[in-house]
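Next come the chains, spelled out residue by residue.
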Amino acid sequence: MQLTYLCPKHADWVYTNPQQAVHFLTRNDMQGSLLYHGGQYCDAIPYLGCAFDIAAILLELEEGNDTALINTVKALTFMLGSAYQLSQRWDCYQAIHTRASKLLAAVATYQEHQERVRTGELTSQPDGQRPFSPGK
């Protein structure tokens, strides 16, 4: 099961409007967090999920080099996972943790590769694409 929260149209909008998307990330994160901390776990999931998708796309556009976005993805993963767990939606709980783990592992691998290119240990980019692209 692959969980996504943004429809393709809105995901494309994030790719083409990353600076404005930061505002929507912040808004959805805040609204989801308020609902989550108020015990409204099911209501929080769509907001936290949209924030997660936006953060994943922005992280891709930043080529994994934004520590704040990495921390945001981790925090959103925790809250989403907890909201699913508290709602007893175990399949979704597992799916979000699997997706986040793959995303963060790919970011770390890409960063390691970039460091090796920077130091001259390697001279080429990996397959011409970012391995942590959402949905790829």
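This write-up is about the structure you can find in this document. For every chain, the first residue of its written sequence is number 1, and the numbers climb from 1 along that sequence. Since the coordinates come from a predicted model, pLDDT governs what is reported: local features require at least 70, and pairs of side-chain atoms require 80 or more to be given and counted, while whole-chain, interface and lining totals use all residues. Hydrogens and water are ignored here; the side-chain numbers use all heavy atoms of the structure.

1. Regarding the nonpolar core
The biggest cluster of nonpolar side chains holds 35 residues, and the ones touching the most others in it are Tyr5, Leu25, Phe52, Leu76, Leu80 and Tyr84. Working definition: helices are DSSP H or I runs of at least four residues, strands are E runs of at least two. Numbering for both runs from the N terminus. Elements supplying a minimum of two residues to this core: helix H1 (8–16), helix H2 (18–37), helix H3 (41–61), helix H4 (67–86) and helix H5 (90–118). Here the element with the most residues in this core is H3; it accounts for twelve residues. Contacts are assigned to residue pairs with any non-hydrogen atoms lying within 4.5 Å of each other. In contact with Leu80, other than residues within four places in its own chain, are Tyr5, Ile45, Leu48, Gly49, Phe52 and Ile96. The definition of a nonpolar core used throughout is a set of buried Ala, Val, Leu, Ile, Met, Phe, Trp, Tyr and Cys residues joined through side-chain atoms within 4.5 Å. Accessibility here uses a 1.4 Å probe with only protein chains present; expressed as a share of the type maximum, an area under 20% marks a residue as buried, one over 50% as exposed, and anything in between as partly exposed.

2. Quick notes on H2
One turn of an α-helix holds 3.6 residues; hence residues three or four places apart share an orientation. Spanning 20 residues, H2 covers 28 Å between terminal C-alpha atoms, matching the ideal 28 Å at 1.5 Å per step. Buried residues of H2: Ala21, Leu25, Asn28, Gly32, Ser33, Leu35 and Tyr36, and no others. For H2, the angular spread of the buried residues around the axis is 160°, confining them to a single face. Exposed residues lying more than 90 degrees from the buried face of H2 are Gln19, His23, Met30, Leu34 and His37. Those residues of H2 hidden inside the fold are in contact with H1, H3 and H4. One or two steps after H2, the chain reaches Gly39, where phi turns positive at roughly 80°. Given a helix with a known number of residues, its expected span is that number minus one, times 1.5 Å. An arc is given here, and it is the one of the directions from the helix axis to the C-beta atoms.

3. Quick word on the pattern of salt bridges
Think of a salt bridge as a Lys or Arg side-chain nitrogen and an Asp or Glu carboxyl oxygen that are within 4 Å of each other. A full pass over the atoms with the stated rule returns three salt bridges. A salt bridge links Asp53 to Arg99, with the shortest nitrogen-to-oxygen separation between them at 2.6 Å. Placement of the pair is Asp53 in helix H3 and Arg99 in helix H5, with a sequence separation of 46 residues. As far as burial versus exposure is concerned, Asp53 and Arg99 are alike and both buried. Here Glu121 ties to Arg116 by a salt bridge, and the two come within 3.1 Å at their closest N and O atoms. Note on Arg116: relative accessible area 31%, which makes it partly exposed.

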